[in-house]
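The primary structure of each chain is shown beneath.
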Amino acid sequence: MGDNTILTPYFLDEALPGLEQLSKEGWVLNKPDLPEGEQQARMSVLHTNIAAEVESSLRAGDRPVSIAGDCCTAIAVTAGIQHAGIEHRLIWFDAHGDFNTWQTSPSGFLGGMPLAMLVGRGEQTLLDALAMQALAEDRVIFTDGRDLDPLERLALEQSAVVHLKDPNELLRYELPDYPLHIHFDTDILDPETAPAMNYFAAGGPDLDQLKEIFQHLAATEQVLAVSLSSWNPDLDRDRRTQRACMKALEVLLGV
């Protein structure tokens, strides 16, 4: 099984030129001209391309690896897995909950809603554009969520999502016997390790701790697909954050 990396140098529907510099020979660069119009319609152009690449990769026996500037692209990866007809489970690494809806979000920030959308909560525009089904909440493991909005926290507590507040719990947790989609929001890392993040959240695992967890997941040989939500390249002048995040990704992929 080879890895097929899909690089989408956008933050939501805004170009992120600094992320494009990661591109390597053999990677798929998802950089279409986006139409004028509503934000989610523009994002859905990007997402449709990602879903198609994920599906074709899986059908070819390869593992899709999506690298993009935001967590909403994990919806597209999930769509591609569904379209390939594969039953799977999702493990979501994130310092934030991404479990808001328009009704609970203090800021109205769309990037704080994708996990809620994925399990069928709130607006479903992005899922509908991909002709996909929401995931059952009990098919999701979420860690660590150290920075949650009040109503978001309540919604997560009342949901069937498995919430492991300490990522190290994954070393002891009995993982489901299914292929795994690992979503890696790089802000899970301690800002002392990876400071170039848009949304600062103190605490979290350092690189060695995250590598140990990712090595454990890689050893299961169940990692079917990976989606990575990146750091802010414009804040990463010395590329220290890039090096840490890409090293963690390599460990997860068993490179």
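Starting afresh in each chain, residues are numbered from 1 along the sequence in its written order. Given that the model is predicted, a residue must reach a pLDDT of at least 70 before its local features are reported, and side-chain atom pairs must reach 80 or more before they are shown or counted; all residues, however, enter totals for whole chains, interfaces and linings. Processing note: side-chain calculations cover all non-hydrogen atoms of the structure and skip hydrogens and water entirely.

(A) Just the side chain of Glu152, in detail. To qualify as a helix, a DSSP run of H or I must reach at least 4 residues; to qualify as a strand, a run of E must reach at least 2; elements of each kind are numbered from the N terminus. Here Glu152 lies in helix α6 (residues 150-157). We note that Glu152 is buried and unpaired, the nearest opposite charge coming from Arg153 at a distance of 7.5 Å. In protein, a polar contact means a hydrogen-donor-capable atom and an acceptor-capable atom, both N or O and within 3.5 Å, with residues adjacent in sequence counting only if both atoms are side-chain atoms; elsewhere, any N or O pair within 3.5 Å suffices. At a separation of 2.9 Å, a polar atom in the side chain of Glu152 contacts the main-chain amide nitrogen of Phe99. Here the side chain of Glu152 touches Asp149 through a polar contact of 2.9 Å, landing on its backbone nitrogen. Two residues qualify as a contact provided that any one of their heavy atoms is within 4.5 Å of a heavy atom in the partner residue. With residues up to four places along the chain from it excluded, the contact list for Glu152 reads Gly97, Asp98, Phe99, Asn100, Gly112 and Asp147. Between buried and exposed lies partly exposed: a residue is buried under 20% and exposed over 50% of the maximum accessible area for its type, with that area taken using a 1.4 Å probe on protein chains only. Positive residues here are Lys and Arg, negative ones are Asp and Glu, while His and the chain termini are left out of the count. Salt bridges are identified by distance alone: a Lys or Arg side-chain nitrogen within 4 Å of an Asp or Glu carboxyl oxygen.

(B) Geometry of α6. Along α6, the positions that sit buried rather than exposed are Glu152, Ala155 and Leu156. One side of α6 holds all its buried residues, which, seen down the axis, span an arc of 100°. Among the exposed residues of α6, those oriented more than 90 degrees off its buried face are Pro150 and Glu157. Those residues of α6 that are buried lie in contact with β7 (140-147) and β8 (162-163). Comment: arc refers to directions from the helix axis out to C-beta atoms.

(C) Inspection of helix α3 (residues 73-83) at higher detail. The buried fraction of α3 amounts to 9 of the 11 residues, a majority that puts the element mostly inside the structure. Buried residues of α3: Thr73, Ala74, Ile75, Ala76, Val77, Thr78, Ala79, Gly80 and Ile81, and no others. With its phi angle positive at about 80°, Gly85 sits one or two positions after the end of α3.

(D) How the structure looks around the environment of Leu148. Residue placement: Leu148 occurs in the loop between β7 and α6. Judged by its relative accessible area of 10%, Leu148 falls in the buried class. Along the backbone, Leu148 and Phe99 are 49 residues apart, and their C-alpha atoms lie at a distance of 8.7 Å. Once residues within four sequence positions are removed from consideration, Leu148 is found in contact with His96, Gly97, Arg153, Leu156 and His163.

(E) Looking closely at the packing of aromatic side chains. Here the aromatic set is Phe, Tyr and Trp, taking the six-membered ring for Trp, and pairing holds for ring centres within 6.5 Å; pairs whose planes are under 30 degrees apart are stacked, those over 60 apart are edge-to-face, and all others are tilted. Enumeration over the complete set of coordinates arrives at 4 aromatic pairs. When the ring of Phe11 is compared with that of Phe109, the centres are 6.2 Å apart and the planes differ by 20°; the resulting orientation is stacked. Taken together, the residues Phe11 in strand β2 (residues 10-11) and Phe109 in the loop between β6 (89-96) and α4 (114-118) connect sequence positions 98 residues apart. By relative accessible area, Phe109 is classed as partly exposed at 27%.

(F) Fine view of the packing of helix α7 (residues 207-219) against helix α8 (residues 240-253). A fitted line through C-alpha atoms serves as each axis, taken over the contacting stretch for helices, and the angle formed by two N-to-C directions is quoted from 0 to 180°. Across the interface, α7 lies against α8 with an axial gap of 7 Å and an inter-helix angle of 25°. Relative to α8, the element α7 is oriented roughly parallel. Every pair of crossing elements has a handedness; the one defined by α7 and α8 is right-handed. Judged by residue contacts, Leu207, Leu210, Lys211, Phe214, Gln215, Leu217 and Ala218 of α7 engage Ala244, Lys247, Ala248, Val251 and Leu252 from α8. Under this scheme an angle from 65 to 115 degrees is roughly perpendicular, one under 35 degrees roughly parallel, and one over 145 degrees roughly antiparallel; angles in between are oblique. Two helices crossing with the near one rotated counterclockwise from the far one by less than a right angle form a left-handed crossing, whereas a clockwise rotation gives a right-handed crossing.

(G) Molecular detail of the side chain of Asp187. By the element assignment, Asp187 lies in the loop between β9 (180-185) and α7. Buried and without a salt bridge, Asp187 has Arg146 as its closest oppositely charged side chain, separated by 5.8 Å. In this structure the side chain of Asp187 is engaged in a polar contact, spanning 3.1 Å, whose partner is the backbone nitrogen of Ala95. In contact with Asp187, other than residues within four places in its own chain, are Asp94, Ala95, His96, Arg146, Met197 and Tyr199.

(H) Representation of the packing of helix α2 (residues 39-59) against α3. One can describe the packing of α2 onto α3 by two numbers: an axis separation of 7 Å at closest approach and a directional angle of 40°. With respect to α3, the element α2 is oriented oblique. Of the two elements, α2 crosses α3, and the hand of that crossing is right-handed. On α3, the residues that touch His47, Ile50, Ala51, Val54, Glu55, Leu58 and Arg59 of α2 are Thr73, Ala76, Val77, Ala79, Gly80, Ile81 and His83.

(I) Examining the layout of surface pockets more closely. Cavity means a closed set of points on a 1 Å grid over the protein atoms alone, one where a 1.4 Å probe fits but cannot get out, pocket means an open set with protein on both sides within 12 Å along at least 5 of 7 lines, and lining means a residue has an atom within 4 Å of a point. Grid points are joined across faces, edges and corners, and a volume is the space filled by probe spheres set on the points. The space that makes up the largest pocket amounts to roughly 510 Å³. In this structure, the largest pocket is lined by 31 residues; those nearest its centre are His96, Asp98, Phe109, Gly111 and Tyr199. Each residue is assigned to one class: nonpolar for Ala, Val, Leu, Ile, Met, Phe, Trp, Tyr, Cys and Pro, charged for Asp, Glu, Lys and Arg, and polar for all the others, Gly among them. A per-class count over the lining of the largest pocket returns 11 nonpolar, 12 polar and 8 charged. One number sums up the size of the second largest pocket: a volume of about 270 Å³. Lining the second largest pocket are 13 residues, and of these Lys24, Trp27, Met246, Glu250 and Leu253 lie nearest its centre. Of all the secondary-structure elements, those providing two or more residues to the lining of the second largest pocket are β1 (3-8), β5 (63-68) and α8. Tallied by class, the residues present in the lining of the second largest pocket amount to 8 nonpolar, 2 polar and 3 charged.

Note that every value here comes from positions in space, so none of it alone points to a role or purpose.
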